[in-house]
Amino acid sequence: MTEDPFVAHRSLLFTVAYQMLGSAADAEDVLQESWLRWADVDRAQVRDPRAYLVRIVTRQALNRLRSLSRSREEYVGEWLPEPLLTSPDVADDVELAESVSIAMLTVLETLGPTERAVFVLREVFEVPYGEIAGAVGKSAAAVRQIARRAREHVAARRPLAQVSRSEQQAVVERFLAALRTGQLQELMEVMAPDVVLIADGGGLASAALAPIRGAEPVAAVLARANRQVVDALETMTVWLNGAPAGRFEVDGEPTAVSLVVESGRATRIYLMRNPRKLTRLDDPAELAR
C-alpha cells in the first residue's frame, strides 16, 4: 500500500506549522485539523499532494496564529518559543537550523501573521509566489511585496554572526560551567558586555518580566538564581532547535537555555522556564524541509 502523502510529508508539515507558531503544541493541533480536512479531499483531483498539504497547513496555522494574538498580548512577562530537542543532524542543513533557532523564531514573532507565513514559505521552503498567494489569500504581486518587507524586517533584527557548531558548543559549555559555580566574574567572562537576557516563565515559574541588559546585571541575576537552588545545580549540554544549548533543573523543574554567540561570547541568552513549554525536552522532534 502506498504511504499516505500526509504521513510521508508529516515532518515537513510540522516544521511549517512550528515555524509559523513557535509552539510545538499548537503545531500539533494544526496538523490534527489539517489531517481532518485532508481526509475529506478527493485525492484524484490533487496534482501535487505536497503543495496541497502545505497550503492546508498554512491556512490552519494562520487561523491559529490570529486567534492566539490576544493571549500572547496578555502573556505574563516575555514570550519565547517552545524549545525542541533536535538531533545534531538538523544542523547539517544550515538554513533549516537557522530558521528554527530560538533567536530566529523570536524575530518572527515581530511579524504580522501574513508576513510570517509568506516569509517562512518563501525564505525557508522556497515555495513559489503563486502557491503562497493561494495559501494566504493574496495576489502573487502582493505576496512579492509582503516577502520583500518581511525580509527587510527580519534582516534588521536577526543575529548578524554565524558561528561553527564547535564554537557554539564551547561557549555553551563555558556558560553552563560558570552557571554551576555562580561566580560573578566567571559568568561575566563568558558574556559580551552588552549581553541581553530574556526569560520566559509565563507566570508559572520565576523569571524576569522584562529583558535584562549588560553583563554585570545579567551575571548578578544568574548568580542569585544559583544561590537559591538548594541542591547542586546540574547542567547538561543538549541540542535544541538545531544548535548546542543547555538544560538544567531548578527546584525540580526543567529549564532550557539557548545562546546567541558572537566572537566567543554570548550576546543573547534565552532562558525558557515556562513548564508548559518544556514537556518535549526528552522526545526528539523530526524537522524537515
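Let me begin by describing the structure that accompanies this report. (Residues numbered from 1 in each chain as written. Predicted model: local features only at pLDDT ≥ 70, side-chain atom pairs only at ≥ 80, totals over all residues. Heavy atoms only, no water.)

## Some remarks on the environment of A135
Mapped onto the elements, A135 comes out in helix 8 (residues 129-136). Overall, A135 belongs to the buried group, its relative accessible area being 6%. Along the sequence, A135 and V118 sit 17 residues apart, while their C-alpha atoms lie 9.1 Å from each other. Not counting residues within four places of it along the chain, the set of residues in contact with A135 comprises R55, T58, R59, L62 and L121. (Helix = DSSP H or I, 4+ residues; strand = E, 2+ residues; numbered from the N terminus. Buried < 20%, exposed > 50% of the residue type's maximum accessible area, 1.4 Å probe, protein only. Contact = heavy atoms within 4.5 Å.)

## Here's the deal with the side chain of S23
Along the chain, S23 falls in the loop between helix 2 (10-21) and helix 3 (24-39). With a relative accessible area of 8%, S23 lands in the buried category. There is a polar contact of 3.1 Å between the side chain of S23 and the backbone nitrogen of D26. If we ignore the near neighbours within four places in the chain, the residues touching S23 are Y18, R72 and E82. (Polar contact = N/O pair within 3.5 Å; in protein donor to acceptor, adjacent residues only side chain to side chain.)

## Examining the sheet that holds strand 4 (residues 243-250)
Strand order across the open sheet formed by 6 strands is 2-1-6-5-4-3, with mixed pairing between neighbours. Edge positions in the sheet fall to strand 2 (212-213) and strand 3 (235-240), since each of these pairs with one other strand and no more. With 2 bridges connecting them, strand 1 (residues 191-200) and strand 2 associate as antiparallel partners. Bridge pairing in strand 2 links L197 to I212. (Pairing = 2+ DSSP bridges.)

## Brief notes about the packing of aromatic side chains
All chains considered together, the criterion is met by 3 aromatic pairs. Ring plane angle 5° and centroid distance 6.1 Å describe the contact between F14 and Y18, whose orientation is recorded as stacked. You can see F14 and its partner Y18 sitting in helix 2, 4 residues apart, about one turn around the helix. For the pair F14 and Y18, one class covers both residues: buried. Between W38 and Y52, the ring centres sit 6.0 Å apart and the planes meet at 55°, which makes this aromatic pair tilted. Of this pair, W38 sits in helix 3 while Y52 sits in helix 4 (residues 49-73), placing them 14 residues apart in sequence. Taking relative accessible area as the criterion, W38 reaches 0% and is therefore assigned buried. The partly exposed category is assigned to Y52, whose relative accessible area is 26%. (Phe/Tyr/Trp six-rings, centres within 6.5 Å; stacked < 30°, edge-to-face > 60°.)

## Observations regarding the pattern of salt bridges
Enumeration over the complete set of coordinates arrives at 17 salt bridges. The closest approach of N and O atoms between E28 and R280, which form a salt bridge, is 4.0 Å. Of the two residues, E28 sits in helix 3 while R280 sits in the segment after strand 6 (265-272), which places them 252 residues apart along the sequence. On the accessibility criterion, E28 (25% relative accessible area) is partly exposed. (Salt bridge = Lys/Arg side-chain N within 4 Å of Asp/Glu carboxyl O.)

## Focus: the pairing of strand 1
Where burial is concerned, most of strand 1 is hidden: 8 out of the 10 residues are buried. The pairing of strand 1 with strand 6 spans 6 bridges and is parallel. When the bridges of strand 6 are listed, L197 appears paired with I269.

These figures come from the coordinates and say nothing about function on their own.
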